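Below are the chains, spelled out letter by letter.
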Amino acid sequence: MKSFIFVMFLSGCLFIGSSCSRQKAFDDYDDQERGLNLQDAFEYDYKKKEIFTSNKLDAKVKFSGIDTLWELDCQKNDELVIAYKTENKTGKFKVLLVKPDQEMELIVENTETGTSTLEIPKGKNYIRIVGSQSEADIEMSYKVGTKTKIIMNKIEENKKYGQGRNALFN
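For the structure given in this document, a descriptive report is provided here.

Rules of the game
- Residues numbered from 1 in each chain as written.
- Predicted model: local features only at pLDDT ≥ 70, side-chain atom pairs only at ≥ 80, totals over all residues.
- Heavy atoms only, no water.
- Helix = DSSP H or I, 4+ residues; strand = E, 2+ residues; numbered from the N terminus.
- Buried < 20%, exposed > 50% of the residue type's maximum accessible area, 1.4 Å probe, protein only.
- Contact = heavy atoms within 4.5 Å.
- Areas by Shrake-Rupley, 256 points an atom, 1.4 Å probe, with all protein chains shown as cover.
- Core = buried A, V, L, I, M, F, W, Y, C linked by side-chain atoms within 4.5 Å.

In terms of helices and strands, the protein carries two helices and seven strands. A total of 170 residues make up the protein; the buried ones form 39% of that total. In the protein, the share of contacts with a sequence separation of at least 24, taken over all contacts with a separation of at least 6, comes to 75%. Accessible area of the protein: about 9,300 Å², with a carbon and sulfur share of 52%.

Below you can see the structure in the form of structure tokens.
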């Protein structure tokens, strides 16, 4: 009888442990240097895109890590006008602009709605999302000048702390 109770207890523990999210916290969420490092690292439990174009995103994600959405290759100094509506239900979530001079600007964190106008210098600039056990709804759209080339990143199937870049949406 004791062994039966022990087996039932062990089975219950295994069931509870296996039904929890497999997502780990992204330890580098607040690390400025990690935000500047362009190597993406992420783990998605869930991702569903409604819209993903060269200047618009509407998606629901559950993830930890850092992922680059767009690369903006500016031929000259330009202006980025970005509208956003984010709702972060759990964990931590933010959107960053990484500039070629190794400067980083926070566009939005957690749950916010608004529009920002940011100066983007000549060179490669990146719009990135960062999350730590985050479950977020994201709507963003932006405009840049005609001398800025927009490079979208492609989706790949979920890779635990991705080996390559460009893994979120296609």
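Of all hydrophobic cores here, the largest spans 27 residues; its most connected members are Trp70, Leu80, Ile127 and Met140. Broken down by secondary-structure element, the contributors of at least two residues to this core are β1 (41-52), β2 (56-74), β3 (78-98), β4 (104-109), β5 (112-120) and β6 (123-143). A per-element tally of this core places β2 first, with eight residues. The residues contacting Ile127, other than those within four sequence positions of it, are Thr68, Leu69, Trp70, Leu72, Leu80, Ile82, Val95, Leu96, Leu97 and Tyr142. The next biggest cluster of nonpolar side chains, apart from the first, holds nine residues, and it includes Tyr29, Ile66, Leu96 and Val130.

These figures come from the coordinates and say nothing about function on their own.
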